[in-house]
Structure formats: C-alpha cells, structure tokens
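Here's the letter readout for the chains.
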Amino acid sequence: MELFSFYNVENLFLPDPTPRHRLDPTKSGLRNWDDRKYKNKLSRIAHVFQLMKEDNGVMPFMIGLSEVSGKKVLEDLVQLKPFDSEYWIVHYNSMDERKVDVALLYDKNKVEVIDSEAITFFFEITDRNTGSYDTTRDVLYSKVKYKGEIINVFIAHLPSKREKDINKPKRDFILNEIRGRILDIVREEENVILCGDFNENPDDENLVKILHDNADRKVLENPFQQLFSTRNYSTFHYKSGLLFDQIILSNSFYKDSNVLHFQNAEVFSSAKISSRDRNFEGRPFRTYAGTRYLGGYSDHFPVFVRFTNL
C-alpha cells in the first residue's frame, strides 16, 4: 500500500525577529510568533504524519503542502520523526503577497523527481505597468518516477473566497490553465495527480468541469465528491463544513494494470488533532484563532488517498 497526502498546514513561518517597537508589523503577520511556537508548530505537523503512519502502517510516499513560507521551514520539518531526513523537497518561492507557497515532500527512497516548475500567474489590475499586477500563489508542477512509472503532480492553493468572492475569476482562470496542461498529459496516457486547497468544494462548477475533456469525456476522477456528499469536511467557516482540500486522479489509477491502483480516499480527522473545545468538537485544532494562540496543528485536516501497488 502507498499513501498520497495533501495538508494545508496554516501559516508555517520562521520565527519573527524581535520587534524594535511593540507596534512594528511582523513578517509572518502572526502575533508573538517566536522560536518556541515555531518549534511546537513543526512538531505538531510531524506528529500528524506519525499518527497517519501508525494508522496505516506506512508514511505517504508523497505529500503536498500549502501555507509554507520558504524552504527553510521544510528543511527543518523533514529532519523530525517520522521523516527522519528520508524525505526531500520540491519548492519555489512564489510572489504571493503573504509569502506563502505550496511544496512537495517525497520519500527519496521511492520517488525520483525528473522535472519541476512553478506555474506563476499574474493578474492585471489597471494598466500594463508591472506595479499594477496582482500575484497569487504558484501552482507547483513535478514530474516524478515511481517504480518506473511517470506521475505528473500538480499542487495548488487557489485564491481565497472573501469579500463576495472577488477572487472567483482568478480561480476560474488558474483551473482552466491547469486543465489544459492536464489534458495534454492524459492524451499521452501518463498518470496525473492534482491536489490542493482549491477554496471550492468538489461539487462546485470548476471542479466538475476539470474532470472532463473538451468532448465531455471523463478523464479525471475526484473521490472527494463522495466524501463531501456524506459530510466529510476538511475545514470550517463559521457553521459551514467545507471540503476545499482534495486529491484528484487520472483514470489510469483505476486500471488494475497500473503500478498504483486507487483504493479509497479519506479526510484524516483523528480526534488527536481535533479541537479540545466542546463548542468546536470535530473541527481541526488550529494554531491561532484570530490573534489568540491556541498551540494546535492547523485550521485544516489533512487528506489522503490509499493505493494498492503492484
């Protein structure tokens, strides 16, 4: 068995320098983000994957992450148990205004990275002056080899839903561009994994459209549609349960002859990483609630898919 996981880890930043004045803005945007809290955050994230390993008998062979700021935080993370320096990193600094990126961790004993790139998007605001362009988080593309089989991995953290969803046109554009790339790949009959925090649920129009080619043939499968229909959620907004975190697979993973064969999908909502507050029972135990430090894991649960392997 193999696992592939995705996790929005909620603001993984290096500790902030000591401010010269108590009102000075911080790099992280977090309140009193110091070395102690940073190290606790790293150990919390590592503990999530230790729990996943205990439940399944294996670590994920690849892990997509979002809301990480810079490569150093990832280098610190993979030194911890259960990664034990056996995992390495694909990461590019994006031009996101908050300086948070997506990344891929992979078991270097199982996976060989052949190629990778950051797919960057610029959105014009008023004119063609570069100062008038809006940027967002990159989509990370990695072409990897596992047991001789090529797997094309896309990791996304799409613009958030806020202010009457002014970012929807950006999400539409990004997903349409990624869809074009994926259609080119599946024509070559190569494996595709698209994962991320899409800031949309599995039944939203964009995530239904991306499953089909231009002739309306289904080329991708989203196992998180079924989970969402049975009220499995990875994050929450006020009283609403959301399944923004998803892993979408090419049809090749459903063929018995493939080196990896899809088994099932899961939101990893272990009680050990859930809120301690009775009022928020069944929700992720987050690091911050507004400016109040809680010391938890993340405001999202991780998700994963299980594969049987030849």
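Worth saying up front: this structure is predicted, and the values here are computed from it rather than measured.

Enquirer: Please clarify how the overall build of the chain should be interpreted in this entry.
Expert: A count of helices and strands for the chain gives 5 helices and 18 strands. Rg of the C-alpha trace for the chain: 19 Å, near the compact-globule value of 19 Å for 310 residues, within the 12% margin. Dimensions along the principal axes, computed over C-alpha positions, put the chain at roughly 60 × 55 × 40 Å. Taken over 310 residues, the chain has a buried fraction of 53%. Sequence-distant contacts, at least 24 apart, represent 69% of the contacts inside the chain between residues at least 6 apart. Of the accessible surface of the chain, which amounts to about 15,100 Å², a share of 46% is contributed by carbon and sulfur atoms. Counting 44 positive and 47 negative side-chain charges, the chain places the averaged centre of each group 6 Å from the other.

Enquirer: Please explain the environment of Ser240 as it appears in this structure.
Expert: One can find Ser240 in strand S13 (residues 240–242). Classification of Ser240 as partly exposed rests on a relative accessible area of 39%. The spatial distance from the C-alpha of Ser240 to the C-alpha of Met1 is 34 Å, given a sequence separation of 239 residues.

Enquirer: I keep staring at the side chain of His157 and nothing clicks. Help me out?
Expert: Among the secondary structure elements, His157 is positioned in strand S9 (residues 149–157). Excluding anything up to four places from it in sequence, His157 contacts Asn8, Ser66, Glu67, Val102, Arg137, Asp197 and Asn199.

Enquirer: I would appreciate a short explanation of the nonpolar core in the present structure.
Expert: If you look at the biggest cluster of nonpolar residues, it comprises 68 residues, and the most contacted ones within it are Phe4, Met62, Phe83, Leu105, Ile151 and Ile247. Counting residues per element, this core draws most heavily on helix H1 (residues 35–56), at 8 residues. Excluding anything up to four places from it in sequence, Met62 contacts Leu3, Phe4, Ser5, Leu104, Leu105, Tyr106, Val111, Val144, Ile151 and Val153.

Enquirer: Is there a simple way to think about the pattern of salt bridges in this case?
Expert: Any two side chains of opposite charge can pair, so long as their charged atoms come close to each other. Here the structure, examined in full by the defined rule, presents 14 salt bridges. A salt bridge links Arg181 to Glu117, with the nearest nitrogen and oxygen atoms 3.0 Å apart. Placement of Arg181 in helix H3 (residues 168–187) and of Glu117 in strand S5 (residues 111–119) is noted, with a sequence separation of 64 residues between them. Among the residues examined, Arg181 registers a relative accessible area of 34% and is labelled partly exposed. On the basis of relative accessible area, Glu117 is assigned to the partly exposed category, the value being 31%. The residue Asp299 makes a salt bridge to Arg286 at a minimum N-O spacing of 3.8 Å. With Asp299 in the loop between strand S17 (292–293) and strand S18 (303–309) and Arg286 in the loop between strand S15 (260–267) and strand S16 (288–289), the pair connects residues that are 13 residues apart, well separated along the chain.

Enquirer: Explanation requested: the packing of aromatic side chains in the structure shown.
Expert: To describe a pair of aromatic rings, you give the distance between the ring centres and the angle between the ring planes. For the structure on display, the rule yields 14 aromatic pairs. For the ring pair Tyr7 and Phe49, a centre distance of 6.0 Å and an interplane angle of 70° mean the geometry is edge-to-face. With Tyr7 in strand S1 (residues 2–12) and Phe49 in helix H1, this residue pair connects regions lying 42 residues apart in the sequence. The class for Tyr7 is buried, based on a relative accessible area of 1%. An aromatic cluster of at least three residues, connected via ring pairs, comprises Tyr7, Phe49, Phe83 and Tyr87.

Definitions and cut-offs
Residues numbered from 1 in each chain as written. Predicted model: local features only at pLDDT ≥ 70, side-chain atom pairs only at ≥ 80, totals over all residues. Heavy atoms only, no water. Helix = DSSP H or I, 4+ residues; strand = E, 2+ residues; numbered from the N terminus. Rg over C-alpha atoms; globule rule 2.2 N^0.38 Å. Buried < 20%, exposed > 50% of the residue type's maximum accessible area, 1.4 Å probe, protein only. Contact = heavy atoms within 4.5 Å. Areas by Shrake-Rupley, 256 points an atom, 1.4 Å probe, with all protein chains shown as cover. Lys, Arg positive; Asp, Glu negative; His and termini not counted. Charge placed at Lys NZ, Arg CZ, Asp CG, Glu CD. Core = buried A, V, L, I, M, F, W, Y, C linked by side-chain atoms within 4.5 Å. Salt bridge = Lys/Arg side-chain N within 4 Å of Asp/Glu carboxyl O. Phe/Tyr/Trp six-rings, centres within 6.5 Å; stacked < 30°, edge-to-face > 60°.

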